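Architecture and fold: a report
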Amino acid sequence: MNMTTPDNSIFYGDSVAVYTHLEQTDFTELVAEYELGELLSFKGIEGGIENTNYFVTLINKGITSEYVLTIFEEFSMEDMPFFVELATWLADRGLPVPYPVKDKHGIALKRIKNKPAMLQNRFRGHHLEQCELTVAHCAAIGTKLAEFHIAAKDFFLQRNSHRGRFWWRRESINIEKHLSAADAELLKDEVHRFDQLLAEHGANLPLTVIHGDLFHDNVLFNDTKIDAIIDLYNSATDYMLFDLAILANDWCRDAHNAIDAEKEQALLEAYHSGRAFTDTERLAWPQLTQTAAMRFWLSRLIPAYGIEQAGRDSSEMVIKDPDEQKAILLYRRANPSSLPA
(Lines give C-alpha, C1' and ligand atoms only; values in the text may rest on other atoms or scores of the structure.)
Protein backbone atom coordinates (compact mmCIF):
# COMPACT_ATOMS: atom_id res chain seq x y z
CA MET A 1 0.00 0.00 0.00
CA ASN A 2 1.35 3.42 -0.95
CA MET A 3 1.31 5.43 2.25
CA THR A 4 1.63 9.22 2.46
CA THR A 5 4.02 10.30 5.17
CA PRO A 6 3.62 13.36 7.39
CA ASP A 7 4.28 16.72 5.76
CA ASN A 8 6.23 18.97 8.14
CA SER A 9 5.45 22.12 6.18
CA ILE A 10 6.53 25.62 7.06
CA PHE A 11 3.72 27.99 8.01
CA TYR A 12 5.50 31.22 8.94
CA GLY A 13 9.17 31.93 9.41
CA ASP A 14 11.08 28.77 10.27
CA SER A 15 8.42 27.06 12.37
CA VAL A 16 6.93 23.65 11.69
CA ALA A 17 3.27 22.81 11.98
CA VAL A 18 3.37 19.18 13.16
CA TYR A 19 4.56 18.82 16.76
CA THR A 20 3.74 15.17 17.40
CA HIS A 21 5.13 12.95 14.64
CA LEU A 22 3.30 9.72 13.96
CA GLU A 23 4.26 6.68 11.91
CA GLN A 24 2.13 4.34 9.83
CA THR A 25 1.89 1.85 12.70
CA ASP A 26 0.38 4.56 14.93
CA PHE A 27 -2.38 5.18 12.42
CA THR A 28 -2.97 1.49 11.75
CA GLU A 29 -3.44 0.83 15.47
CA LEU A 30 -5.79 3.81 15.82
CA VAL A 31 -7.96 2.90 12.83
CA ALA A 32 -8.34 -0.67 14.12
CA GLU A 33 -10.30 0.74 17.07
CA TYR A 34 -13.05 1.98 14.72
CA GLU A 35 -15.39 0.34 12.25
CA LEU A 36 -14.68 2.81 9.48
CA GLY A 37 -12.48 0.81 7.13
CA GLU A 38 -8.75 0.41 6.57
CA LEU A 39 -6.02 3.04 6.46
CA LEU A 40 -5.29 4.33 2.98
CA SER A 41 -3.14 7.41 3.69
CA PHE A 42 -2.29 10.11 6.18
CA LYS A 43 -0.69 13.54 5.94
CA GLY A 44 0.33 16.21 8.43
CA ILE A 45 -1.58 19.48 8.03
CA GLU A 46 0.47 22.63 7.74
CA GLY A 47 -0.49 25.75 9.63
CA GLY A 48 -1.30 24.30 13.05
CA ILE A 49 -0.41 26.63 15.90
CA GLU A 50 -1.58 25.03 19.14
CA ASN A 51 -2.31 21.44 18.05
CA THR A 52 -1.07 18.79 15.63
CA ASN A 53 -3.47 17.80 12.85
CA TYR A 54 -3.39 15.04 10.25
CA PHE A 55 -5.63 14.25 7.32
CA VAL A 56 -6.56 10.56 7.47
CA THR A 57 -8.06 8.71 4.50
CA LEU A 58 -9.76 5.34 4.99
CA ILE A 59 -11.20 2.83 2.54
CA ASN A 60 -14.14 0.55 3.21
CA LYS A 61 -15.44 -1.81 0.49
CA GLY A 62 -13.90 0.36 -2.19
CA ILE A 63 -15.35 3.62 -0.83
CA THR A 64 -12.98 6.20 0.62
CA SER A 65 -13.79 8.52 3.53
CA GLU A 66 -11.74 11.33 5.01
CA TYR A 67 -11.17 12.44 8.58
CA VAL A 68 -8.99 14.78 10.59
CA LEU A 69 -6.98 13.52 13.55
CA THR A 70 -6.21 16.25 16.09
CA ILE A 71 -3.59 15.72 18.79
CA PHE A 72 -3.81 18.26 21.59
CA GLU A 73 -0.46 19.70 22.62
CA GLU A 74 -1.53 21.89 25.54
CA PHE A 75 -4.52 20.10 27.06
CA SER A 76 -4.68 17.16 29.43
CA MET A 77 -7.19 14.33 29.17
CA GLU A 78 -9.13 16.03 31.96
CA ASP A 79 -9.50 19.20 29.84
CA MET A 80 -11.04 17.42 26.89
CA PRO A 81 -14.64 16.47 27.80
CA PHE A 82 -15.67 20.13 27.34
CA PHE A 83 -14.53 20.12 23.71
CA VAL A 84 -15.92 16.67 22.93
CA GLU A 85 -19.33 17.62 24.29
CA LEU A 86 -19.32 21.12 22.74
CA ALA A 87 -18.59 19.87 19.23
CA THR A 88 -21.31 17.25 19.55
CA TRP A 89 -23.78 19.80 20.97
CA LEU A 90 -23.20 22.28 18.14
CA ALA A 91 -23.29 19.65 15.39
CA ASP A 92 -26.56 18.29 16.78
CA ARG A 93 -28.00 21.81 16.44
CA GLY A 94 -27.05 22.15 12.81
CA LEU A 95 -23.80 24.11 13.15
CA PRO A 96 -21.20 23.10 10.55
CA VAL A 97 -18.45 22.04 12.95
CA PRO A 98 -16.26 18.93 13.01
CA TYR A 99 -17.68 16.41 15.45
CA PRO A 100 -15.79 13.62 17.22
CA VAL A 101 -16.19 10.15 15.75
CA LYS A 102 -16.85 7.38 18.27
CA ASP A 103 -15.00 4.08 18.07
CA LYS A 104 -16.60 0.62 18.16
CA HIS A 105 -17.02 0.98 21.94
CA GLY A 106 -18.64 4.42 21.77
CA ILE A 107 -15.47 6.28 22.83
CA ALA A 108 -14.47 9.52 21.09
CA LEU A 109 -11.50 10.70 23.15
CA LYS A 110 -8.22 8.89 22.49
CA ARG A 111 -4.71 8.98 23.93
CA ILE A 112 -1.82 9.06 21.42
CA LYS A 113 1.80 9.50 22.49
CA ASN A 114 0.39 10.22 25.95
CA LYS A 115 -1.60 13.18 24.59
CA PRO A 116 -5.35 13.58 24.06
CA ALA A 117 -6.56 13.05 20.50
CA MET A 118 -9.80 12.94 18.50
CA LEU A 119 -10.75 11.65 15.07
CA GLN A 120 -13.26 13.97 13.40
CA ASN A 121 -15.17 14.23 10.14
CA ARG A 122 -13.47 16.24 7.39
CA PHE A 123 -15.26 19.00 5.48
CA ARG A 124 -14.54 19.66 1.81
CA GLY A 125 -14.65 23.45 1.72
CA HIS A 126 -11.52 25.52 1.24
CA HIS A 127 -9.67 28.24 3.07
CA LEU A 128 -9.58 31.78 1.72
CA GLU A 129 -6.64 34.13 1.95
CA GLN A 130 -7.34 37.26 3.95
CA CYS A 131 -7.10 39.37 0.79
CA GLU A 132 -9.84 37.21 -0.83
CA LEU A 133 -12.47 38.02 1.79
CA THR A 134 -15.37 40.08 0.46
CA VAL A 135 -18.31 41.92 1.97
CA ALA A 136 -20.42 38.80 1.25
CA HIS A 137 -17.99 36.57 3.17
CA CYS A 138 -18.09 38.95 6.14
CA ALA A 139 -21.88 38.97 6.13
CA ALA A 140 -21.96 35.16 5.95
CA ILE A 141 -19.72 34.72 8.98
CA GLY A 142 -21.66 37.36 10.90
CA THR A 143 -24.86 35.37 10.41
CA LYS A 144 -23.16 32.10 11.33
CA LEU A 145 -21.48 33.48 14.45
CA ALA A 146 -24.85 34.69 15.76
CA GLU A 147 -26.20 31.16 15.20
CA PHE A 148 -23.16 29.71 16.99
CA HIS A 149 -23.65 31.98 20.01
CA ILE A 150 -27.36 31.24 20.27
CA ALA A 151 -26.82 27.47 19.97
CA ALA A 152 -24.03 27.53 22.58
CA LYS A 153 -25.89 29.70 25.08
CA ASP A 154 -27.63 26.72 26.70
CA PHE A 155 -24.60 24.43 26.57
CA PHE A 156 -24.42 22.55 29.87
CA LEU A 157 -20.67 22.94 30.57
CA GLN A 158 -18.58 26.02 31.30
CA ARG A 159 -14.89 26.71 30.88
CA ASN A 160 -12.54 29.59 31.60
CA SER A 161 -10.29 30.41 28.66
CA HIS A 162 -6.72 29.20 29.04
CA ARG A 163 -5.70 32.45 27.33
CA GLY A 164 -8.24 34.80 28.81
CA ARG A 165 -8.05 37.69 31.23
CA PHE A 166 -6.10 35.84 33.93
CA TRP A 167 -3.57 34.68 31.37
CA TRP A 168 -3.00 38.09 29.79
CA ARG A 169 -2.68 39.81 33.17
CA ARG A 170 0.11 37.38 34.06
CA GLU A 171 1.85 37.14 30.71
CA SER A 172 1.82 40.90 30.07
CA ILE A 173 4.00 41.22 33.18
CA ASN A 174 6.21 38.25 32.31
CA ILE A 175 7.04 39.54 28.84
CA GLU A 176 7.64 43.15 29.85
CA LYS A 177 11.43 42.73 30.07
CA HIS A 178 11.57 41.77 26.39
CA LEU A 179 9.66 44.81 25.13
CA SER A 180 10.47 48.42 24.44
CA ALA A 181 9.25 50.85 27.07
CA ALA A 182 6.53 52.07 24.69
CA ASP A 183 5.27 48.56 23.90
CA ALA A 184 5.32 47.53 27.57
CA GLU A 185 3.29 50.61 28.45
CA LEU A 186 0.82 49.97 25.61
CA LEU A 187 0.26 46.41 26.78
CA LYS A 188 -0.11 47.48 30.40
CA ASP A 189 -2.58 50.21 29.46
CA GLU A 190 -4.76 47.82 27.45
CA VAL A 191 -4.93 45.34 30.32
CA HIS A 192 -5.94 48.21 32.61
CA ARG A 193 -8.59 49.46 30.18
CA PHE A 194 -10.18 46.04 29.98
CA ASP A 195 -10.22 45.75 33.76
CA GLN A 196 -12.01 49.11 33.92
CA LEU A 197 -14.57 47.91 31.39
CA LEU A 198 -15.06 44.71 33.36
CA ALA A 199 -15.66 46.64 36.58
CA GLU A 200 -18.13 49.06 35.00
CA HIS A 201 -20.06 46.88 32.54
CA GLY A 202 -18.96 43.26 32.86
CA ALA A 203 -22.02 42.13 34.79
CA ASN A 204 -24.33 43.29 31.99
CA LEU A 205 -22.46 41.90 28.97
CA PRO A 206 -24.12 38.77 27.49
CA LEU A 207 -22.19 35.53 27.89
CA THR A 208 -22.14 32.29 25.95
CA VAL A 209 -19.61 29.68 24.93
CA ILE A 210 -17.58 31.52 22.28
CA HIS A 211 -15.33 30.17 19.55
CA GLY A 212 -12.44 32.32 20.77
CA ASP A 213 -10.24 32.09 17.67
CA LEU A 214 -12.47 32.72 14.67
CA PHE A 215 -9.83 33.99 12.28
CA HIS A 216 -10.57 33.53 8.59
CA ASP A 217 -8.36 30.44 8.38
CA ASN A 218 -10.69 28.66 10.80
CA VAL A 219 -13.56 28.78 8.32
CA LEU A 220 -13.97 26.70 5.15
CA PHE A 221 -15.96 28.12 2.24
CA ASN A 222 -17.68 26.97 -0.90
CA ASP A 223 -17.87 30.25 -2.83
CA THR A 224 -19.54 32.58 -0.29
CA LYS A 225 -21.28 29.74 1.58
CA ILE A 226 -19.72 28.58 4.82
CA ASP A 227 -18.95 24.87 4.72
CA ALA A 228 -17.37 24.55 8.17
CA ILE A 229 -16.21 26.38 11.27
CA ILE A 230 -13.20 24.51 12.61
CA ASP A 231 -10.73 24.57 15.52
CA LEU A 232 -12.99 24.98 18.55
CA TYR A 233 -10.14 24.56 21.03
CA ASN A 234 -10.04 28.14 22.26
CA SER A 235 -13.74 27.92 23.08
CA ALA A 236 -14.69 29.10 26.54
CA THR A 237 -17.45 30.82 28.45
CA ASP A 238 -16.97 34.49 27.66
CA TYR A 239 -18.55 37.61 26.23
CA MET A 240 -20.26 37.19 22.88
CA LEU A 241 -18.98 40.60 21.84
CA PHE A 242 -15.36 39.62 22.49
CA ASP A 243 -15.75 36.77 20.00
CA LEU A 244 -17.17 39.18 17.43
CA ALA A 245 -14.30 41.62 18.04
CA ILE A 246 -11.70 38.91 17.40
CA LEU A 247 -13.44 38.10 14.14
CA ALA A 248 -13.86 41.73 13.02
CA ASN A 249 -10.20 42.56 13.60
CA ASP A 250 -9.14 39.81 11.24
CA TRP A 251 -11.88 39.54 8.62
CA CYS A 252 -12.33 43.28 8.13
CA ARG A 253 -8.72 44.48 8.10
CA ASP A 254 -7.14 45.69 4.91
CA ALA A 255 -3.59 45.30 3.58
CA HIS A 256 -2.44 48.19 5.78
CA ASN A 257 -3.98 46.76 8.97
CA ALA A 258 -6.74 49.34 8.98
CA ILE A 259 -10.40 48.32 9.22
CA ASP A 260 -12.48 48.24 6.04
CA ALA A 261 -15.67 50.01 7.14
CA GLU A 262 -17.86 48.37 4.48
CA LYS A 263 -16.81 44.86 5.49
CA GLU A 264 -17.21 45.59 9.17
CA GLN A 265 -20.66 47.10 8.65
CA ALA A 266 -21.76 44.01 6.70
CA LEU A 267 -20.41 41.74 9.44
CA LEU A 268 -22.04 43.65 12.29
CA GLU A 269 -25.41 44.06 10.58
CA ALA A 270 -25.59 40.37 9.69
CA TYR A 271 -24.75 39.39 13.26
CA HIS A 272 -27.24 41.94 14.65
CA SER A 273 -29.99 40.45 12.46
CA GLY A 274 -29.47 37.09 14.16
CA ARG A 275 -28.86 38.38 17.69
CA ALA A 276 -29.64 41.97 18.56
CA PHE A 277 -26.97 43.99 20.38
CA THR A 278 -27.67 45.34 23.84
CA ASP A 279 -27.05 48.92 24.98
CA THR A 280 -24.19 47.73 27.19
CA GLU A 281 -22.56 46.01 24.22
CA ARG A 282 -22.69 49.28 22.28
CA LEU A 283 -20.77 50.95 25.09
CA ALA A 284 -18.25 48.10 25.31
CA TRP A 285 -17.58 47.52 21.62
CA PRO A 286 -14.73 50.03 21.03
CA GLN A 287 -12.76 48.69 23.98
CA LEU A 288 -13.36 45.03 23.19
CA THR A 289 -11.97 45.50 19.67
CA GLN A 290 -8.81 46.82 21.33
CA THR A 291 -8.75 44.02 23.91
CA ALA A 292 -9.08 41.40 21.16
CA ALA A 293 -6.11 42.87 19.29
CA MET A 294 -4.10 43.06 22.52
CA ARG A 295 -4.79 39.41 23.36
CA PHE A 296 -3.47 38.15 20.02
CA TRP A 297 -0.58 40.60 19.97
CA LEU A 298 0.50 39.14 23.31
CA SER A 299 0.02 35.52 22.23
CA ARG A 300 2.17 36.18 19.15
CA LEU A 301 4.86 38.03 21.08
CA ILE A 302 5.51 35.00 23.29
CA PRO A 303 6.73 32.62 20.56
CA ALA A 304 8.35 35.51 18.65
CA TYR A 305 10.70 35.98 21.62
CA GLY A 306 11.27 32.23 21.96
CA ILE A 307 9.56 31.99 25.34
CA GLU A 308 8.81 28.40 26.28
CA GLN A 309 5.22 27.15 26.33
CA ALA A 310 4.04 24.04 28.11
CA GLY A 311 4.15 20.89 26.02
CA ARG A 312 6.31 22.15 23.15
CA ASP A 313 9.89 22.98 22.35
CA SER A 314 10.12 26.68 21.48
CA SER A 315 12.07 25.76 18.33
CA GLU A 316 8.92 24.05 16.99
CA MET A 317 6.46 26.83 17.78
CA VAL A 318 4.60 28.33 14.83
CA ILE A 319 5.23 32.07 14.73
CA LYS A 320 2.86 34.65 13.32
CA ASP A 321 3.80 38.29 12.98
CA PRO A 322 2.94 40.10 16.25
CA ASP A 323 3.26 43.53 14.60
CA GLU A 324 0.10 42.85 12.60
CA GLN A 325 -1.98 42.69 15.77
CA LYS A 326 -0.16 45.64 17.29
CA ALA A 327 -1.01 47.72 14.22
CA ILE A 328 -4.68 46.73 14.50
CA LEU A 329 -4.62 47.66 18.18
CA LEU A 330 -3.21 51.10 17.42
CA TYR A 331 -5.76 51.59 14.64
CA ARG A 332 -8.62 50.63 16.94
CA ARG A 333 -7.42 53.05 19.62
CA ALA A 334 -7.29 55.89 17.09
CA ASN A 335 -10.44 54.98 15.15
CA PRO A 336 -13.16 53.51 17.39
CA SER A 337 -16.12 52.00 15.54
CA SER A 338 -19.71 51.56 16.68
CA LEU A 339 -22.37 48.86 16.54
CA PRO A 340 -25.49 49.25 14.37
CA ALA A 341 -28.66 50.47 16.08
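Residue numbers restart at each chain and count upward from 1, following the sequence in its written direction. The predicted nature of this model means local features are confined to residues of pLDDT at least 70 and side-chain atom pairs, given and counted, to a pLDDT of 80 or more, with totals for whole chains, interfaces and linings taken over all residues. Computation of side-chain values covers all heavy atoms of the structure but excludes hydrogens and water.

What about the sheet that holds strand 2 (residues 51–60)?
Strand pairing is defined by DSSP finding a minimum of two bridges between the two strands. Only DSSP runs of H or I covering at least 4 residues are called helices, and only runs of E covering at least 2 are called strands; the numbering of each starts at the N terminus. The five strands lie next to each other as 1-2-3-5-4, forming an open sheet whose pairing is antiparallel. Each end of this open sheet is capped by a strand with a single partner; those strands are strand 1 (38–44) and strand 4 (109–112). Ignoring which end each strand starts from, the neighbouring axes of this sheet average 30° apart. Taken together, the four bridges between strand 4 and strand 5 (residues 115–121) define a ladder with antiparallel strand orientation. When the sheet's bridge partners are listed, Lys-110 is paired in strand 5 with Ala-117. Only heavy atoms enter the contact rule, under which two residues are in contact if any of them lie within 4.5 Å. Angles run from 0 to 180 degrees between N-to-C directions of axes, and those axes are lines fitted to C-alpha atoms, restricted for helices to the stretch in contact. Across the face of the sheet, helix 1 (residues 24–31) comes into contact with strand 1, strand 2, strand 3 (63–72) and strand 4 while running at roughly 130° to strand 1.

Overview of the pairing of strand 8 (residues 225–229)
Taken across its five residues, strand 8 has four buried, putting it largely inside the fold. In this structure, strand 7 (residues 219–222) lies alongside strand 8, joined through four bridges in antiparallel fashion. Looking across to strand 8, one finds that Leu-220 is bridged to Ala-228. The hairpin formed by strand 7 and strand 8 contains two residues between the paired strands, and Asp-223 there has a positive phi angle of roughly 60°. When a residue's accessible area, from a 1.4 Å probe over protein chains only, is under 20% of the maximum for its type it is buried; when over 50% it is exposed; and in between it is partly exposed.

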